[in-house]
Amino acid sequence: KPFNDALNLKSGLLRMSVARVLPGQDVDHHDHYTMAEVYFLMRGKGQFRVNDQLIDAEQGTGMYFEPGVMRSVVNNSNDVAWWLFVGSPPDVKPE
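The following paragraphs examine the structure supplied in this document. (Residues numbered from 1 in each chain as written. Predicted model: local features only at pLDDT ≥ 70, side-chain atom pairs only at ≥ 80, totals over all residues. Heavy atoms only, no water.)

### Re the packing of aromatic side chains
To keep things clear, this is the line we draw: Side-chain rings of Phe, Tyr and Trp, where Trp is taken by its six-membered ring, are said to pair if the distance between their centres is within 6.5 Å; with planes under 30 degrees apart they count as stacked, over 60 as edge-to-face, and otherwise as tilted. Strands here are runs of E lasting at least two residues and helices are runs of H or I lasting at least four, both read from the DSSP assignment and numbered beginning at the N terminus. A simple rule labels every residue: compare its accessible area, found with a 1.4 Å probe on the protein chains alone, to the largest value its type can have, and call it buried under 20%, exposed over 50%, or partly exposed in between.
A complete count under the given rule lists four aromatic pairs for this structure. For the pair Phe 48 and Trp 83, a centre-to-centre distance of 5.2 Å together with 75° between the ring planes defines the contact as edge-to-face. Of this pair, Phe 48 sits in strand E3 (residues 46-50) while Trp 83 is found in strand E7 (residues 81-88), placing the two residues 35 residues apart along the sequence. Like Trp 83, Phe 48 is buried. Measuring from centroid to centroid gives 6.4 Å for Trp 83 and Phe 85, while their planes differ by 5°, and the two rings are stacked. With respect to burial, Trp 83 and Phe 85 carry one shared label: buried. In textbook terms, an aromatic cluster arises when at least three aromatic residues are bridged by ring pairs, as seen for Tyr 39, Phe 48, Phe 65, Trp 83 and Phe 85.

As structure tokens, this is what we get:
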């Protein structure tokens, strides 16, 4: 299945970023109006925070988030964690 079809990407536009999260750090808990995202833990250990639930993550673990879901990551380990964040379509605030 083509990548765009698998993620239901209608725009074909992706936003990608890599984050280095130090021990004890987290990424701001947030949501998006229209953007779905995939978070992938490339190296290290940590946790996904989905709404108010924490889910342990090992290297090579990914999670898909629909728009409107509160999401973030936490580094609860003693080592640096490297995360890849991919989102689409571009986030648009309703008028």
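### Observations regarding the pattern of salt bridges
Inclusion rule: Throughout this description, the term salt bridge denotes a Lys or Arg side-chain nitrogen within 4 Å of a carboxyl oxygen of Asp or Glu.
Applying the stated criterion to the full structure yields three salt bridges. Across the pair Arg 71 and Glu 37 runs a salt bridge whose closest N-O atoms are separated by 2.7 Å. Of this pair, Arg 71 sits in strand E6 (residues 71-74) while Glu 37 sits in strand E2 (residues 36-43), placing them 34 residues apart in sequence. Take Glu 37: its relative accessible area is 2%, and that puts it in the buried class. Linking Asp 52 and Arg 49 is a salt bridge whose minimum nitrogen-to-oxygen distance equals 3.6 Å.

### Quick notes on the sheet that holds E3
Note the threshold: For two strands to pair, DSSP has to find at least two bridges joining them. Note on geometry: axes are C-alpha line fits, over the in-contact stretch for helices, and angles between N-to-C directions span 0 to 180 degrees.
Pairing is antiparallel across the open sheet formed by three strands, whose spatial order is E4-E3-E6. The outermost strands of the open sheet, each flanked by one partner alone, are strand E4 (53-57) and E6. Taking each pair of neighbouring strands and ignoring which way they run, the sheet shows an average axis angle of 25°.

### Focus on the environment of Tyr 64
For Tyr 64, the location among the structural elements is in strand E5 (residues 62-65). Sequence separation between Tyr 64 and Ala 36 is 28 residues, and the spatial gap between their C-alpha atoms is 7.4 Å.

### Description of the side chain of Asn 75
Defined as follows: Between N or O atoms, a polar contact is any pair within 3.5 Å; within protein, one atom must be a potential hydrogen donor and the other a potential acceptor, and residues adjacent in sequence are included only when both atoms are from side chains. Note on contacts: a residue pair is in contact if any heavy atoms of the two residues lie within 4.5 Å.
Here Asn 75 shows up in the loop between E6 and E7. Looking at Asn 75, the relative accessible area reads 1%, which means it is buried. At 2.8 Å, the side chain of Asn 75 and the backbone oxygen of Asp 79 are in polar contact. Once residues within four sequence positions are removed from consideration, Asn 75 is found in contact with Val 21, Leu 22, Pro 23, Gly 24, Gln 25, Lys 45, Gly 46, Val 80 and Ala 81.

Shape is all these values report; function is a separate question.
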